[in-house]
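In case you want the letters, here they are:
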Amino acid sequence: MNVQPSASEPAAAAAVAVPEAVPALDTAGPKDPGPGPGRGAALVPIVLVVAGGLSVQFGSAVAALLMPKAGALGVVTLRLAAAALILLVVCRPKLRGHSRADWGTVVAFGVAMGGMNTLFYQALDRIPLGIAVTLEVLGPLALSVFASRRLINVVWAGLALVGVVLLGGGGFDRLDPVGAAYALGAGAMWAAYIVFSARTGRRFPQADGLALAMVVAAVLSLPLGIWESGAKLTVPSTVALGAAVAVLSSVLPYTLELMALRRLPASTFAVMMSLEPAIAATAGFLILNQALSTTDALAIALVIGASMGAVRSQTGARKKRKKG
């Protein structure tokens, strides 16, 4: 979500735990809603954020159900292609008037987006949803820590590391080391996604950059999806489920988050998004019957706490700089 972060903090504070953050849907950034009509109105953006998180993670759960039919790479292709088509129709981005640097930025954004999705779904095919999202969150968390360069954030990084060690149970072979590696790789691509999301938001109006980057990601994923799934991608029921995943995991949450950020401070939004691993674990339990052990639940709680602490410390630092 483009909330116009400073150059030294490339969207890390505002998107430390936003798996599917969307850039530049609102180029004006969060707006002060002014005096609202009451507590009920103040709760509306919070409800929107929670609904967006639920949509993303339950969309991932539906994708996990689709994998036996289309494969992990096939699901990525269906999701990105459907999302690209929807965004192209809705946004109708302009192709003229952009510099070579603009196109380089949007291509890099698309590569990061495609890599993030491909690696995450490979992880989802091997390890539980809640654990996959928890490991993936470490990428944005690391970006947040490095961007702030504050000693307190070393504490948050250490807390997250403790959570990762607990998830591994002393060795990641319990989780499937390949799946864990894919999730960590997805986290690294998520960090790159955040950086290029912010840059794309500054170069393209509204959601034009997002739509074009989604096309790049879809084109890159297409050969992989065809190689793994072939004719399975043309089965009507599979295409329908792929479109459902695109709507649940991309289009709907982007819209809800946009509406929320118009009335919700970016810092509050980021802290709430730190709850994504918990939402993912709930979706995995309800839809995929992926129960977590007490140790896994504690590990997820530690990573959530580290994400929330990192966001809070960055917010406090910015307030002090403004006062100074």
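Residues numbered from 1 in each chain as written. Predicted model: local features only at pLDDT ≥ 70, side-chain atom pairs only at ≥ 80, totals over all residues. Heavy atoms only, no water.

Looking at the overall build of the protein
Alright, step 1. A count of helices and strands for the protein gives ten helices and zero strands.
Alright, step 2. Helices and strands in the protein line up, N terminus first, as α-α-α-α-α-α-α-α-α-α.
Alright, step 3. Burial status across the protein gives 54% buried among its 324 residues.
Alright, step 4. A sequence separation of at least 24 residues applies to 88% of the contacts in the protein between residues at least 6 apart.
Alright, step 5. With an accessible surface of roughly 13800 Å², the protein has 68% of that area assigned to carbon and sulfur atoms. (Helix = DSSP H or I, 4+ residues; strand = E, 2+ residues; numbered from the N terminus. Buried < 20%, exposed > 50% of the residue type's maximum accessible area, 1.4 Å probe, protein only. Contact = heavy atoms within 4.5 Å. Areas by Shrake-Rupley, 256 points an atom, 1.4 Å probe, with all protein chains shown as cover.)

Here we look at the packing of helix α2 (residues 100–124) against helix α6 (residues 208–229)
Alright, step 1. Between α2 and α6, the shortest axis-to-axis distance is 7 Å and the interhelical angle comes to 55°. Our classification of the angle between α2 and α6 gives oblique. Of the two elements, α2 crosses α6, and the hand of that crossing is right-handed. Contacts between α2 and α6 involve Trp103, Val106, Val107, Phe109, Gly110, Val111, Met113 and Gly114 on the former and, on the latter, Gly209, Leu210, Leu212, Ala213, Met214, Val216, Ala217 and Leu220.
Alright, step 2. Class assignment of the residues belonging to the contact of α2 with α6 gives a composition of 13 nonpolar, three polar and no charged. (Axes fitted to C-alpha atoms, helices over the stretch in contact; angles between N-to-C directions. Parallel < 35°, antiparallel > 145°, perpendicular 65-115°, else oblique. Left-handed = near helix turned anticlockwise from the far one by under 90°. Nonpolar A, V, L, I, M, F, W, Y, C, P; charged D, E, K, R; others polar.)

Regarding the packing of α2 against helix α5 (residues 177–203)
Alright, step 1. For the pair α2 and α5, interaxial distance at closest approach is 7 Å and the crossing angle is 155°. The pairing of α2 with α5 is recorded here as roughly antiparallel in orientation. Remark: the crossing between α2 and α5 carries left-handed chirality.

Brief notes about unusual backbone geometry
Alright, step 1. One non-glycine residue with positive phi stands out, namely Arg92, at about 45°.
Alright, step 2. Along the polypeptide, Arg92 turns up in the loop between α1 (39–91) and α2.
Alright, step 3. Owing to a relative accessible area of 69%, Arg92 belongs among the exposed residues under this scheme.

A look at the confidence of the model for the protein
Alright, step 1. Here the protein averages 75 in pLDDT, and 72% of its residues register 70 or above.
Alright, step 2. Confidence, read as mean pLDDT per element, is least for helix α8 (residues 266–273) in the protein (59) and greatest for α2 (92).
Alright, step 3. Contacts for the low-pLDDT stretch residues 1–37, under 50 throughout, to residues beyond four places or in other chains number 113 contacts. (pLDDT = per-residue confidence, 0-100.)

Some words on the nonpolar core
Alright, step 1. One finds Met113, Tyr121, Ile127, Leu129, Leu135, Tyr193 and Met214 to be the most contacted residues of the largest nonpolar core, which totals 63 residues.
Alright, step 2. For this core, the leading source of residues is α1, giving 16 residues.
Alright, step 3. Other than its neighbours up to four places away in sequence, Met214 contacts Leu80, Ala83, Ala84, Leu87, Met113 and Tyr254. (Core = buried A, V, L, I, M, F, W, Y, C linked by side-chain atoms within 4.5 Å.)

Overview of the pattern of salt bridges
Alright, step 1. For the structure shown, the criterion picks out one salt bridge.
Alright, step 2. In this structure, the salt-bridge partner of Asp102 is Arg203, at a minimum N-O distance of 2.6 Å. With Asp102 in helix α2 and Arg203 in helix α5, this residue pair connects regions lying 101 residues apart in the sequence.
Alright, step 3. By relative accessible area, which is 10% here, Asp102 ends up buried. (Salt bridge = Lys/Arg side-chain N within 4 Å of Asp/Glu carboxyl O.)

Here's the deal with the packing of aromatic side chains
Alright, step 1. Counted by the stated rule, this structure contains three aromatic pairs.
Alright, step 2. Judged by centre distance (5.0 Å) and plane angle (55°), the rings of Phe109 and Tyr193 are tilted. Here Phe109, found in helix α2, pairs with Tyr193, found in helix α5; they are 84 residues apart in sequence, far enough to count as distant. Comparing Phe109 with Tyr193, the two get one shared label, buried.
Alright, step 3. The interplanar angle of 70° and the centroid separation of 5.7 Å between the aromatic rings of Phe120 and Tyr121 together place this pair among those described as edge-to-face. (Phe/Tyr/Trp six-rings, centres within 6.5 Å; stacked < 30°, edge-to-face > 60°.)

Notes on a nonpolar patch on the surface
Alright, step 1. A contiguous nonpolar patch, built from Ile46, Val50 and Leu54 and spanning about 200 Å² of accessible area, is present on the exposed surface.
Alright, step 2. You can see Ile46 is positioned in helix α1.
Alright, step 3. Given the relative accessible area of 32%, Ile46 is considered partly exposed. (Patch = residues over 30% accessible without salt bridge, like charges linked within 9 Å, V, L, I, M, F, W, Y side chains within 5 Å.)

Let's talk about α5
Alright, step 1. An ideal rise of 1.5 Å per residue puts 39 Å on 27 residues; α5 measures up with 39 Å between its terminal C-alpha atoms.
Alright, step 2. One side-chain oxygen of the residue at the start of α5 lies 2.9 Å from the amide nitrogen of Val178, identifying that residue as Asp176. (Expected span 1.5 Å × (residues − 1). Polar contact = N/O pair within 3.5 Å; in protein donor to acceptor, adjacent residues only side chain to side chain.)

Focus: the side chain of Thr200
Alright, step 1. Note that Thr200 resides in helix α5.
Alright, step 2. Judged by its relative accessible area of 1%, Thr200 falls in the buried class.
Alright, step 3. Within the local environment of Thr200, its side chain forms a polar contact with the backbone oxygen of Phe196, the two atoms lying 2.7 Å apart.
Alright, step 4. Here Thr200 is in contact with Thr105, Val106, Phe109, Gly209 and Leu210, once residues within four sequence places are set aside.

Here's the deal with the environment of Met308
Alright, step 1. Structurally, the position occupied by Met308 is in helix α10 (residues 294–323).
Alright, step 2. What makes Met308 partly exposed here is its relative accessible area of 29%.
Alright, step 3. Sequence-wise, Met308 and Trp156 are 152 residues apart; in three dimensions their C-alpha atoms are separated by 8.8 Å.

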